[in-house]
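# Inside the fold
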Amino acid sequence: RKEVEQDPGPFNVPEGATVAFNCTYSNSASQSFFWYRQDCRKEPKLLMSVYSSGNEDGRFTAQLNRASQYISLLIRDSKLSDSATYLCVVNTNAGKSTFGDGTTLTVKP
Amino acid sequence: DAGITQSPRHKVTETGTPVTLRCHQTENHRYMYWYRQDPGHGLRLIHYSYGVKDTDKGEVSDGYSVSRSKTEDFLLTLESATSSQTSVYFCAIIAEMGNEQFFGPGTRLTVL
């Protein structure tokens, strides 16, 4: 079993749709959590950190459930420009990260 | 912008030849990382460094070595390249706050 698992996708949604991605992690000692976005043939870029209290950045909302070892990302009012691969990242101790394999989102007109 | 550059950006080489990839950062970050990214495997850690001359192995370190003789440069060497090392290689650093990683633009390596 992988340390970090994501919905395999791909997700194909129309513009304006709401879409949710899920991620589970196996190491209960994990300390910090992130969502990254990766465009085709580009480097991953930080989308947002994930906090236990949940956090929101415009159309994006991230949630963390430590008891269930589960992270989610919600995108509201999807735009064409949201099309990308979304990576869940878990840091288990200072200095090391484990990446999920990513979920691909395609937003269509 | 975390000031990370990688060189070369693209390289084609032959099986058995040595290859060195360079990661350069301008902001004096302590932690530096080398990952490879392949379809179906996501990002996998090859080696990382937590200071000058301090390095450790990641999950896919076989066939790779690294060196960090100064803070700003982290070198990844394939002593004798194989076709299985054809991949996209990303360097990353951890910023001082929050432990989020910032990535370089990547190097596309093809081993024929």
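Values in this document were obtained by computation on a predicted structure and should not be read as measured data. Residues take numbers from 1 onward in each chain, read along the sequence in its written order. Each chain takes a letter, starting from A, and each ligand takes a number, starting from 1, following the order in which they are written. Two thresholds apply to this predicted model, a pLDDT of at least 70 for residue-level local features and 80 or more for giving and counting side-chain atom pairs, whereas whole-chain, interface and lining totals are computed over all residues. Heavy atoms from the whole structure form the basis of all side-chain values; hydrogens and water molecules are not counted.

### Examining the overall build of chain B
Elements are defined by DSSP. Helices are runs of H or I of four residues or more, strands are runs of E of two residues or more, and each kind is numbered from the N terminus. The secondary structure content of chain B amounts to 0 helices and 11 strands. Element order for chain B, N to C, with α for helix and β for strand: β-β-β-β-β-β-β-β-β-β-β. At 13 Å, chain B has a C-alpha radius of gyration in line with the 13 Å of a compact globule built from 112 residues. A principal-axis box enclosing the C-alpha atoms of chain B has dimensions of 40 × 30 × 25 Å. Looking at chain B residue by residue over its 112 residues, the buried ones come to 51%. Here chain B has roughly 5,300 Å² of accessible surface; of this, 49% comes from carbon and sulfur atoms. What the globule rule says is 2.2 Å times the number of residues to the power 0.38, and the radius of gyration is computed from C-alpha atoms. Burial classes follow relative accessibility: with a 1.4 Å probe on protein chains only, a residue under 20% of its type's maximum area counts as buried, one over 50% as exposed, and anything between as partly exposed. Exposure was quantified through the Shrake-Rupley algorithm and a 1.4 Å probe, taking into account, for residues, occlusion by the shown protein chains and nothing else.

### So, the sheet that holds strand 6 (residues 55–57) of chain A
Residues and elements named next belong to chain A. Here 5 strands make up an open sheet; going across it, the order is 1-3-8-7-6 and the pairing antiparallel. The open sheet is flanked by strand 1 (4–6) and strand 6, the only strands paired with a single partner. Averaged over neighbouring strand pairs, the angle between their axes works out to 15° when direction is ignored. Pairing between two strands requires that DSSP report at least two bridges joining them. Note: strand 7 (residues 60–65) against strand 8 (residues 70–75), 6 bridges, orientation antiparallel. Residue pairing across strands places Ala-62 opposite Leu-73, the latter belonging to strand 8. Under this scheme, a helix contributes an axis fitted over its contacting stretch, all axes are lines through C-alpha atoms, and angles between N-to-C directions fall in the 0 to 180 degree range.

### Let's talk about the interface of chain B and chain A
Frequently, the measure chosen for interface size is the accessible area removed from exposure when the parts meet. The contact criterion used is simple: two residues touch if any of their non-hydrogen atoms lie within 4.5 Å. Contacts between the two partners involve 20 residues from chain B and, on the opposite side, 17 residues from chain A. Interface area for chain B against chain A, summed over the two sides, is near 1,600 Å², with a carbon-plus-sulfur share of 53%. Reported buried area values correspond to the accessible surface (1.4 Å probe) lost by two parts on association, with both partners' losses combined. The largest share of the area that chain B buries against chain A comes from Leu-43, Phe-103 and Arg-108 of chain B, three residues that together contribute 28% of it. The term salt bridge refers to a pairing of a side-chain nitrogen on Lys or Arg with a carboxyl oxygen on Asp or Glu at a separation within 4 Å. Run the count over chain B and chain A and you get 0 salt bridges. Two N or O atoms form a polar contact when they lie within 3.5 Å of each other; inside protein one atom must be a possible hydrogen donor and the other a possible acceptor, and for residues adjacent in sequence the pair counts only when both atoms belong to side chains. Across the contact surface, chain B and chain A share 3 residue pairs in polar contact (both at pLDDT 80 or more). At the level of elements, strand 4 (32–38), strand 5 (42–51), strand 9 (87–94) and strand 10 (101–103) of chain B are the ones that each hand at least two residues to the side of chain B that touches chain A. Of the residues forming the side of chain B that touches chain A, the biggest block, 4 residues, is contributed by strand 5 of chain B. Residues are sorted three ways: Asp, Glu, Lys and Arg are charged, Ala, Val, Leu, Ile, Met, Phe, Trp, Tyr, Cys and Pro are nonpolar, and all the rest, Gly among them, are polar. Here the residues of the side of chain B that touches chain A are counted per class, giving 10 nonpolar, 8 polar and 2 charged.

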